[in-house]
Amino acid sequence: MIDIKQVHKSFGNREILKGIDLHVPTGSVTVILGPSGSGKTTFLRTLNFLEKADAGTMQLNDISVDLHKASNKEILNVRRNTSMVFQSYNLFSNKTVIENIMEGLVTVKKMKKSEARDIAQRFLKEVGMEGYDDYYPVQLSGGQQQRIGIARALAMDPEVILFDEPTSALDPELVGEVLAVIRKIAKELEVTMIIVTHEIGFAKEVADQVVFMEGGVIVEQGDPKVVLEHPKEERTRKFLSRYLTLDSELPLDSAAL
Amino acid sequence: MGHIIDSTYIYGTFFAVIPYVKVTLMITFLSVGLGTILGLLSCVLQQNKVPVLSQLSYLYVLLCRSIPNMVLLYLVYYGLPILFLALEDQTGVHVPFEKVPATFVAVVGLTLHTGAYLSEIFRAALQSVPKGQMEAAQAIGMTWFQAFRRIVLPQATVFALPLFTNQFLNTMKSTSIVFVITVIELFGAAKLYTEENSQYFEAYIVVAGLFWVMGIVFEFIFHRLEVYASKYKRGNAL
């Protein structure tokens with residue numbers, strides 16, 4: 001369970017987050033939608049302290065932290081119980097695929113290499129990348145890199161995975177394979193997920209809860225069918241109408257898997 | 001040619017100076033080694049904006065980069081005893097500076113010089129690594145130091161190696177000026193040898209030859225290192 005209260009953040013005198021509250025039950029999927037510049041990504045990044053909030057608190061199961069005043073030890077503790085999947089993948093370029101997944105298991109979880117390798121291989125399979133152990137990131141397509149990014153996040157066995165626009169940097173034909181992987185883990189594994197995305201069709205399908213953000217506040221939230229099909233707020237309706245005309249309903253069950 | 005260039009004199013110089021090659025190499029290795037630590041420290045302090053220390057590092061780089069190497073050496077050579085005297089004056093601790101070998105002073109001087117240049121090289125190298133690498137490492141719970149050592153540094157090394165090689169060769173060649181503070185190395189030994197008779201060209205062609213050999217060997221070694229360290233950029237043969 002994650003309970004986030006009153007997150008505020010400004011860059012200079014521009015207020016990006018104006019008091020965000022969010023509750024995410026264990027094992028559920030929350031999708032955050034909203035136009036560019038609405039603060040979605042910043043909000044996600046304050047949760048694992050890649051951005052330091054100006055105010056706010058978070059309860060992550062039995063860990064309770066102040067998002068502004070947390071000590072280095074508390075920050076490390078939160079990061080060790082969360083994972084992040086980045087828009088630009090951010091695989092460790094100097095490590096092979098298998099080393100990318102093993103890295104956190106060995107250095108953070110202090111596992112033996114052989115044990116870490118077994119786990120890494122299991123998650124490679126999970127994202128449909130078995131056999132790619134010794135490739136370096138530079139040898140992979142964007143979609144493949146992102147699937148490894150997801151495997152790396154999953155392998156750490158986190159209480160929550162934060163997805164920061166996981167398909168926004170991908171070529172259109174590669175979006176499907178990454179969404180398929182996320183959909184698969186959402187269904188098969190009991191992982192709590194917070195996903196920032198622009199894929200509305202995907203949100204409708206996997207989300208237990210949809211949150212619509214604009215201008216640093218949550219405009220509307222709730223059941224995906226309600227929010228996406230019968231939005232109450234004018235701003236949500238406007239946003240959706242702009243997107244739904246573009247949303248081409250990609251063949252999501254990619255043959256690549 | 002035999003009567004224009006005296007080949008027996010070349011042999012003579014060669015055997016007279018060859019033992020001093022190890023002095024040159026020792027000063028080079030120590031100065032570059034210590035300079036690397038100093039440079040890395042200085043650039044990390046600046047990068048992380050550590051209060052006071054980052055300003056001091058900046059000042060150090062600024063001061064040591066902008067004066068001639070030889071002037072810096074003289075400052076250390078004449079300044080160190082004064083510093084020790086002042087220390088004794090304040091605390092009563094006597095440092096036997098008259099026993100401090102000139103080679104030590106040479107290493108200190110060249111380390112200060114090399115560290116300042118390397119600090120800037122490392123700064124550029126660290127900036128060449130995308131920010132996302134550090135973020136991804138920290139996001140899975142690695143400490144800053146773990147992330148730096150295991151993820152950022154190996155990538156920065158690939159960027160830094162050609163420039164580092166340059167600085168290594170520069171420092172190696174700079175050892176030829178430590179003669180001014182009485183340290184005898186390759187160049188100094190040749191200079192002393194010529195003083196008995198004035199066969200300058202023969203003496204210095206030997207010095208040049210030995211520097212050529214050392215320089216080319218080190219360039220080769222560093223090139224191999226670079227190929228090895230940048231393997232991830234080309235990928236594995238599959």
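Residues numbered from 1 in each chain as written. Chains lettered and ligands numbered in written order. Predicted model: local features only at pLDDT ≥ 70, side-chain atom pairs only at ≥ 80, totals over all residues. Heavy atoms only, no water.

Going by what an unreviewed UniProt entry lists, chain B is known as Amino acid ABC transporter permease and is assigned to Veillonella rogosae. The annotation that UniProt attaches to chain B under Sequence similarities (unreviewed entry) is "Belongs to the binding-protein-dependent transport system permease family." Its UniProt record gives chain B a comment under Subcellular location (unreviewed entry), which states: "Cell membrane". (UniProt positions renumbered as here; feature names shortened; annotations may be inferred.)

Going by an unreviewed UniProt entry, chain A carries the name Glutamine ABC transporter ATP-binding protein and comes from Veillonella rogosae JCM 15642. In its Subcellular location (unreviewed entry) section, the UniProt record describing chain A reads: "Cell membrane".

To continue, consider the nonpolar core. If you look at the biggest cluster of nonpolar residues, it comprises 124 residues, and the most contacted ones within it are Leu33, Phe43, Ile150, Phe163, Met193 and Ile194 of chain A. If you tally residues by element for this core, the top one is helix α7 (residues 144-174) of chain B, at 11 residues. If near-sequence neighbours (up to four positions away) are discounted, Met193 of chain A is found in contact with Ser28, Val29, Thr30, Val160, Ile161, Phe163, Ile182, Ile185 and Ala186 of chain A. If you look at the next biggest cluster of nonpolar residues, it comprises 15 residues, including Val23, Ala102, Ala106 and Ile177 of chain B. (Core = buried A, V, L, I, M, F, W, Y, C linked by side-chain atoms within 4.5 Å. Buried < 20%, exposed > 50% of the residue type's maximum accessible area, 1.4 Å probe, protein only. Helix = DSSP H or I, 4+ residues; strand = E, 2+ residues; numbered from the N terminus. Contact = heavy atoms within 4.5 Å.)

Moving on, we get to a nonpolar patch on the surface. Together, Val52, Leu53, Leu56, Tyr58, Leu59, Leu62 and Leu63 of chain B line one region of the surface with nonpolar side chains, adding up to about 690 Å² of accessible area. For Leu53 of chain B, the location among the structural elements is in helix α3 (residues 53-65). (Patch = residues over 30% accessible without salt bridge, like charges linked within 9 Å, V, L, I, M, F, W, Y side chains within 5 Å. Areas by Shrake-Rupley, 256 points an atom, 1.4 Å probe, with all protein chains shown as cover. Salt bridge = Lys/Arg side-chain N within 4 Å of Asp/Glu carboxyl O.)

This model, assessed by the stated rule, comprises 13 salt bridges over all chains. The salt bridge involving Glu103 of chain A is made with Lys95 of chain A; its shortest N-O contact spans 3.5 Å. Assigned by exposure class, Glu103 of chain A and Lys95 of chain A land together as buried. Of the charged contacts, one joins Glu234 of chain A and Arg237 of chain A as a salt bridge, the two residues approaching to 3.5 Å between their closest N and O atoms. With Glu234 of chain A and Arg237 of chain A both in helix α9 (residues 234-244) and 3 residues apart, the pair spans about one turn of that helix. Residue Arg237 of chain A is classed as partly exposed on the basis of its relative accessible area of 40%. Salt bridges linked by common partners bring Arg45 and Glu51 of chain A together with Glu135 of chain B together as one network.

You can see Arg79 of chain A is positioned in helix α2 (residues 72-79). The buried charged residue Arg79 of chain A lacks any salt bridge, with Glu135 of chain B as its nearest oppositely charged partner at 8.2 Å. Among the polar contacts made by the side chain of Arg79 of chain A, one reaches the main-chain carbonyl oxygen of Asn48 of chain A at a distance of 3.0 Å. Within the structure, Arg79 of chain A has its side chain in polar contact with the backbone oxygen of Phe49 of chain A (distance 3.1 Å). Other than its neighbours up to four places away in sequence, Arg79 of chain A contacts Asn48, Phe49 and Leu50 of chain A together with Gln138, Ala139, Ile140 and Gly141 of chain B. (Lys, Arg positive; Asp, Glu negative; His and termini not counted. Polar contact = N/O pair within 3.5 Å; in protein donor to acceptor, adjacent residues only side chain to side chain.)

Here the focus is the interface of chain A and chain B. Listed as interface residues are 29 residues of chain A and, on the opposing side, 23 residues of chain B. Carbon and sulfur atoms make up 57% of the area that chain A and chain B hide from each other, which totals about 2,200 Å². Scanning the region where chain A abuts chain B turns up 2 salt bridges. For Glu103 of chain A, the salt bridge identified is with Arg150 of chain B, shortest N-O distance 2.4 Å. Elements supplying a minimum of two residues to the side of chain A that touches chain B: α2, β6 (82-85) and α3 (97-107) of chain A. (Buried area = accessible area lost by both parts, 1.4 Å probe.)

Residue and element names in this part refer to chain B. Here the UniProt feature "transmembrane region" (unreviewed entry) sits at residues 20-45, 57-80, 100-118, 176-194 and 200-222. For residues 20-45, the helix share is 96%, the strand share is 0%, and the end-to-end C-alpha distance is 37 Å. Measuring from the first to the last C-alpha atom of residues 57-80 gives 20 Å, for a span that is 88% helix and 0% strand.

Turning our attention to the pairing of strand β1 (residues 2-11) of chain A. Residue and element names in this part refer to chain A. Relative to strand β2 (residues 14-24), β1 runs antiparallel, the two sharing 8 bridges. Bridge pairing in β2 links Ser10 to Glu15. Here 5 bridges tie β1 to strand β4 (residues 55-60), and the two strands are oriented antiparallel to one another. Bridging across to β4, Ile2 finds its partner in Leu60. (Pairing = 2+ DSSP bridges.)

What follows covers the environment of Glu135 of chain B. Following the sequence through the fold, Glu135 of chain B ends up in helix α6 (residues 131-139). Linking Glu135 of chain B and Ser66 of chain B, residues 69 residues apart in sequence, is a C-alpha distance of 35 Å. Not counting the four nearest positions on each side in its chain, Glu135 of chain B is found in contact with Arg45, Leu50 and Phe86 of chain A.

A word on the UniProt feature "domain: ABC transmembrane type-1" (unreviewed entry) in chain B. Residues annotated by UniProt as "domain: ABC transmembrane type-1" (unreviewed entry) correspond here to residues 21-222 of chain B. Its end C-alpha atoms 20 Å apart, residues 21-222 of chain B is made of 81% helix and 0% strand.

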